[in-house]
Amino acid sequence: MKLIKILLSVAIVTFCFGSLMAQRPNSPRLPFVDKGACPFECCTYREWSVIKPTAIRTGMSDRSAVLFKVAKDEKVSGVTGVVITTRAGIARVLKNTKVGNVNVSKGETLYLLTYLGEGFFKVWRKGRIIEENMTEEGSFKVISQPRSAWWVKIKNRRGQTGWSREPDNFGNKDKCGS
């Protein structure tokens, strides 16, 4: 009985300490919800074509009810989007440099939130969010990419609007032509 109490106490302490450690006091609050985000260069919300049949849901959850379905070759409006980052990516600063207009020091950790395209990210540093090119030679080393989902708000020809987490099922999202 005494051994069970000791093991239970160790498990509780480990759980509580592990939870505190996972929060990282100097890191962004997650999930990070980036309303209106369009996460690649030239990404745009406008009339989109349906490449693959897709279920459109009532909310931004895979458990939300299906409101309507869109068929291949149908035209819809890509109204807006939300990128929800559940795990921030990590980058290390390799030399003293600037991120936006902020001086950063060699060895600092930066947190990557939303990918913007062409190596640019929304970067979290000490409570501020700055857009920065993380491929700048010799300045940063990306250790890990963020984990996120891109939900898109779709409007059909009948005026119904709903959400999809399958943006790759739609074409004409790139205003630069590809």
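Residues numbered from 1 in each chain as written. Predicted model: local features only at pLDDT ≥ 70, side-chain atom pairs only at ≥ 80, totals over all residues. Heavy atoms only, no water.

Caption draft 1: Unusual backbone geometry, seen in detail. Of note, the bond from Leu 30 into Pro 31 is cis; its omega dihedral lies within 30 degrees of zero at 5 degrees. Here Pro 31 lies in the loop between α1 (2–23) and β1 (32–35). One non-glycine residue with positive phi stands out, namely Cys 42, at about 70 degrees. Structurally, Cys 42 is set in the loop between β1 and β2 (47–50). Despite not being glycine, Asp 73 has its phi angle at roughly 75 degrees, a positive value. (Helix = DSSP H or I, 4+ residues; strand = E, 2+ residues; numbered from the N terminus.)

Caption draft 2: The arrangement of the pairing of strand β13 (residues 147–155) in detail. Note: strand β5 (residues 75–87) against β13, 9 bridges, orientation antiparallel. Its bridge partner being in β13, Thr 85 is matched across the sheet by Ser 148. As paired strands, β13 and strand β14 (residues 161–164) are joined by 4 bridges and run antiparallel to one another. For Lys 153, the partnering residue across the bridge sits in β14 and is Trp 163. Hairpin connection from β13 to β14: 5 residues lie between these consecutive antiparallel strands, with Gly 159 at a positive phi of about 90 degrees. (Pairing = 2+ DSSP bridges.)

Caption draft 3: The arrangement of the sheet that holds strand β12 (residues 140–144) in detail. Across the sheet, 5 strands lie side by side as β11-β10-β9-β6-β12; this open sheet has antiparallel pairing. Each of the sheet's edge strands pairs with one partner strand only, and the pair in question is β11 (128–133) and β12. Along the sheet, successive strands turn relative to each other by an average axial angle of 40 degrees, direction set aside. In the sheet, strand β6 (residues 89–93) pairs with strand β9 (residues 109–117) via 4 bridges, with the strands oriented antiparallel. Looking at β9, one finds that Ile 90 is bridged to Tyr 111. (Axes fitted to C-alpha atoms, helices over the stretch in contact; angles between N-to-C directions.)

Caption draft 4: Focus on the state of the cysteines. Under the definition given, this model contains 2 disulfides. Covalent S-S linkage joins Cys 42 and Cys 176, the inter-sulfur distance amounting to 1.6 Å. Between Cys 42 and Cys 176 the sulfur-sulfur dihedral comes to about -60 degrees; the bridge is accordingly left-handed. Residue Cys 42 is located in the loop between β1 and β2, and its partner Cys 176 is located in the segment after β15 (170–171); the two are separated by 134 residues in the primary sequence. We classify Cys 42 as buried; its relative accessible area is 15%. Taken in N- to C-terminal order, the disulfide-linked cysteines of the protein are connected 1-3, 2-4. (Disulfide = S-S within 2.5 Å. Buried < 20%, exposed > 50% of the residue type's maximum accessible area, 1.4 Å probe, protein only.)

Caption draft 5: Local environment of the nonpolar core. Formed by 15 residues in total, the largest nonpolar core has its most connected members in Trp 48, Val 70, Val 76, Trp 150, Val 152, Ile 154 and Phe 170. Elements supplying a minimum of two residues to this core: β2, β4 (66–70), β5 and β13. With 3 residues, β13 is the largest single contributor of residues to this core. Contacts of Trp 48, omitting those with residues within four sequence positions, involve Glu 74, Lys 75, Val 76, Gly 78, Val 152, Ile 154, Phe 170, Gly 171, Asn 172 and Lys 173. Formed by 12 residues, the second largest nonpolar core is a distinct cluster that contains Ala 91, Val 102, Leu 110 and Met 134. (Core = buried A, V, L, I, M, F, W, Y, C linked by side-chain atoms within 4.5 Å. Contact = heavy atoms within 4.5 Å.)

Caption draft 6: Spotlight on the pattern of salt bridges. Per the counting criterion, the structure on display carries 4 salt bridges. Between Arg 165 and Asp 62 there is a salt bridge, and its shortest N-O distance comes to 2.8 Å. Here Arg 165 is found in the loop between β14 and β15, whereas its partner Asp 62 is found in the loop between β3 (54–57) and β4, with 103 residues between them in sequence. (Salt bridge = Lys/Arg side-chain N within 4 Å of Asp/Glu carboxyl O.)

Caption draft 7: Up close: the environment of Ser 61. Here Ser 61 shows up in the loop between β3 and β4. When its relative accessible area of 28% is taken as the criterion, Ser 61 is described as partly exposed. Here the alpha-carbon distance between Ser 61 and Trp 163, two residues 102 residues apart in the chain, equals 8.4 Å.

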